[in-house]
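Next come the chains, spelled out residue by residue.
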Amino acid sequence: KNLKKHFPIKGGIFGKQVGSVKAVDGVSFYIKDGETLGMVGESGCGKSTTGRLILRLIEPTEGEVIFEGKNILTFNKKQMREMRRKMQIIFQDPYASLNPRMTVGNIIGEAIEIHKLAKTKQEKEERVQQLLEQVGLTRAHANRYPHEFSGGQRQRIGIARALAVNPKLIICDEPVSALDVSIQAQVINLMQDLQQKLGLTYLFIAHDLSVVKHISDRVAVMYLGKIVELAETNELYDNPKHPYTQALLSAIPIPDPTIKRERILLEGDVPSPINPPGGCRFHTRCPYAKDICKEEEPVFKDKGNQHFVACHLV
Ligand code: SF4
Ligand code: MG
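Under an unreviewed UniProt entry, the protein has the name Peptide ABC transporter substrate-binding protein and belongs to Anoxybacter fermentans. The protein has a UniProt comment under Sequence similarities (unreviewed entry) that states "Belongs to the ABC transporter superfamily."

**Q** Describe helix H4 (residues 121-134), with residues and values.
**A** In a regular helix each residue adds 1.5 Å, so 14 residues correspond to 20 Å; H4 covers 20 Å between its end C-alpha atoms and thus fits that length. Listed as buried for H4 are Val128, Leu131 and Leu132. Along H4, the residues classed as buried sweep out an arc of 100 degrees about the axis, all on the same side. The exposed set on the far side of H4, more than 90 degrees from its buried face, consists of Gln122 and Glu123. Residues of H4 that are buried sit in contact with helix H3 (104-114) and helix H5 (151-163). Of the residues one or two after H4, Gly136 is the one with positive phi, at around 85 degrees.

**Q** An account of the pairing of strand E1 (residues 3-11) is requested, with residue identities and associated values reported.
**A** Two faces make up the sheet, and in a regular strand the side chains alternate between them. Judged from the 9 bridges that link them, E1 and strand E2 (residues 16-27) form a sheet pairing that is antiparallel. The partner of Lys4 across the bridge, within E2, is Asp25. Connecting E1 to the next strand, E2, in antiparallel fashion are 4 residues, including Gly12 with a positive phi near 70 degrees.

**Q** How would you summarise the site of ligand 1 if you had to cite specific residues and measurements?
**A** Around ligand 1 sit 13 residues in total, of which Cys280, His283, Cys286, Cys293 and Cys311 are the nearest. Looking at the shell around ligand 1 residue by residue, the classes come out as 10 nonpolar, 3 polar and no charged.

**Q** Would you mind going over the packing of H3 against H5 in detail, with residue names and values included?
**A** The axes of two packed helices give the description: the angle between them and the distance between them. Running from amino to carboxyl end, H3 crosses H5 at an angle of 25 degrees, the nearest separation of the two axes being 8 Å. One finds that H3 runs roughly parallel with respect to H5. Between H3 and H5 the crossing geometry is right-handed. When H3 is examined against H5, the residues Val104, Ile107, Ile108 and Ala111 are found in contact with a partner set consisting of Ile157, Ala160 and Arg161. Looking at the contact of H3 with H5 residue by residue, the classes come out as 6 nonpolar, no polar and 1 charged.

**Q** I'd love a proper account of the domain arrangement of the protein, names of residues and values included.
**A** Partitioning the protein into structural domains gives domain 1 (32-216) and domain 2 (229-314). Distance from the C-alpha centre of domain 1 to the C-alpha centre of domain 2: 30 Å. On the side of domain 2, 6 residues touch domain 1, which itself brings 6 residues to the contact.

**Q** Residues and numbers for the sheet that holds strand E12 (residues 308-309), please.
**A** Strand order across the open sheet formed by 8 strands is E6-E7-E8-E3-E9-E10-E12-E11, with mixed pairing between neighbours. Only two strands of the sheet have a single partner each, and these edge strands are strand E6 (87-90) and strand E11 (301-302). Alignment of strand E9 (residues 218-223) against strand E10 (residues 226-232), held across 6 bridges, turns out to be antiparallel. By the bridge assignment, Ala220 is partnered in E10 with Leu230. Across the sheet, helix H1 (residues 47-55) touches strand E3 (36-40), E6, strand E7 (169-173), strand E8 (201-205) and E9, and the angle it forms with E7 is around 155 degrees.

**Q** A description of helix H9 (residues 243-250) should follow, citing residues and the corresponding values.
**A** Along H9, the residues that are buried comprise Pro243, Tyr244, Thr245 and Leu248. Looking at the buried residues of H9, the elements they touch are helix H7 (209-215), E9, E10 and helix H8 (233-238).

**Q** Now, about unusual backbone geometry: what can you tell me, with residues and values included?
**A** Despite not being glycine, Arg56 shows a phi value in the positive range, around 60 degrees. On the secondary structure map, Arg56 appears in the loop between H1 and strand E4 (66-67). Phi is positive for Lys116, close to 50 degrees, though the residue is something other than glycine. Tracing the backbone through its elements, the reader meets Lys116 in the loop between H3 and H4. Classification of Lys116 by C-beta neighbours within 10 Å gives exposed; the count is 8.

**Q** Give a description of the environment of Pro273 that names residues and reports values.
**A** Locating Pro273 in the fold gives a position in the loop between H9 and helix H10 (291-295). Along the chain, Pro273 and Asp25 lie 248 residues apart, while their C-alpha atoms are 9.4 Å from each other. Sequence-distant contacts of Pro273, defined by excluding residues within four places in its chain, comprise Val21, Lys22, Ala23, Leu224 and Gly225.

**Q** Any chance you could break down the environment of Arg127 for me, citing the residues and the numbers?
**A** Assignment of secondary structure puts Arg127 in helix H4. On the basis of neighbour count, Arg127 is assigned to the partly exposed category, with 17 C-beta atoms found within 10 Å. Between the C-alpha atoms of Arg127 and Asp173, which are 46 residues apart in sequence, the distance is 25 Å. Residues contacting Arg127, with those up to four places away along its chain left out, are Ile112 and Ala118.

Rules behind the numbers
- Residue positions within a chain follow its written sequence, with the count starting from 1.
- Here chains are named by letter from A upward and ligands by number from 1 upward, in the order in which they appear as written.
- For a predicted model such as this one, the threshold for reporting local features is a pLDDT of at least 70, and the threshold for listing and counting side-chain atom pairs is 80 or more; totals across whole chains, interfaces and linings nevertheless cover every residue.
- UniProt positions are given in the numbering used here, feature names are shortened, and annotations may be inferred rather than shown by experiment.
- By definition, any uninterrupted DSSP run of H or I lasting at least four residues is a helix, any uninterrupted run of E lasting at least two residues is a strand, and each is numbered from the N terminus.
- Every helix has an expected span of 1.5 Å times one less than the residues it contains.
- A residue is called partly exposed when the number of other C-beta atoms within 10 Å of its own lies between 12 and 20, exposed at 12 or fewer, and buried at 20 or more, with C-beta atoms placed from the backbone.
- The directions from the helix axis to the C-beta atoms form the arc being described.
- For the purpose of contact definition, each residue receives a C-beta atom placed from its backbone, and two residues are in contact when these atoms lie within 7 Å.
- Should DSSP find at least two bridges between two strands, the strands are regarded as paired.
- To decide nearness, the C-beta atom of each residue is placed from the backbone, and the residue is near a molecule or strand if that atom lies within 6 Å of it.
- In the scheme used here, Gly and all other residues not listed as nonpolar or charged are polar, with Ala, Val, Leu, Ile, Met, Phe, Trp, Tyr, Cys and Pro taken as nonpolar and Asp, Glu, Lys and Arg as charged.
- A fitted line through C-alpha atoms serves as each axis, taken over the contacting stretch for helices, and the angle formed by two N-to-C directions is quoted from 0 to 180°.
- Should an angle fall under 35 degrees it is taken as roughly parallel, and over 145 as roughly antiparallel, whereas 65 to 115 is taken as roughly perpendicular and any remaining angle as oblique.
- Handedness of a helix crossing follows the sense of rotation of the near helix relative to the far helix, less than a right angle counterclockwise being left-handed and clockwise being right-handed.
- Residue ranges for the domains originate in an automatic or database domain assignment.

This is how it looks when you write it as structure tokens:
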């Protein structure tokens, strides 16, 4: 609810704060139990930061994160440790996120140990083996090191580590962006199977609109630290209402050559999140911008059937 993260910029010889990067600037949304909410937008729009704010890997500047009815931003360290078990994250780069000096078995086992989820060493090892099999690897892989695996396999290890603590919500931060296209589909299918079997809830962050369409129940579109549109997946892709969403979607190739779609090219670059444009943040690039767009910020509103849009013209 109204989640914000402003990173301070320090300057001068005294290191005084001279401004702030408004990475996330007031986003509100919900994720339903068992669903996948996709989150898209160009790099730097604040989607990864939003994911980290939910987990409190970064402390929000303002707002609330309500999980199972409680605002977890009020939690102390002990309460947070318990909460961490319920929320996990999978990173984009499976190479950087796995300790190269630990065996795969120890990487996964460490999570089980930290949260005291096994009573004996044997119980822990059995759980590690079960997790490896659950993500399509084998028991024998437990004794190997991350560098011995391919990118897709490493992401499977990352998923097994996240699953080790029986989470409810997994923040997936571009989990397949670093993988070959053929491998992407395998990892996505695995994630969907696991979701069904284990009743997982996903926040799926990505810049690839086709991948997001495939996996998500609903999709949120971010621009410069704000959500500009959010709707059920088919509704958003068939009936995009925000000019920014329309432009993003116009760039996806259509497999059917008889359908013609005009590619909407946006002019200019994404403005800096240090001094974002006033009014509607998209007005400097929007083909439909009117005077009001420069002055008044459009409210993010339900335009019917939970199709939320922030635009004066809609
Ligand atoms: Fe474009 Fe105005 Fe809508 Fe912003 S509010 S997206 S500038 S029409
Ligand atoms: Mg990112």
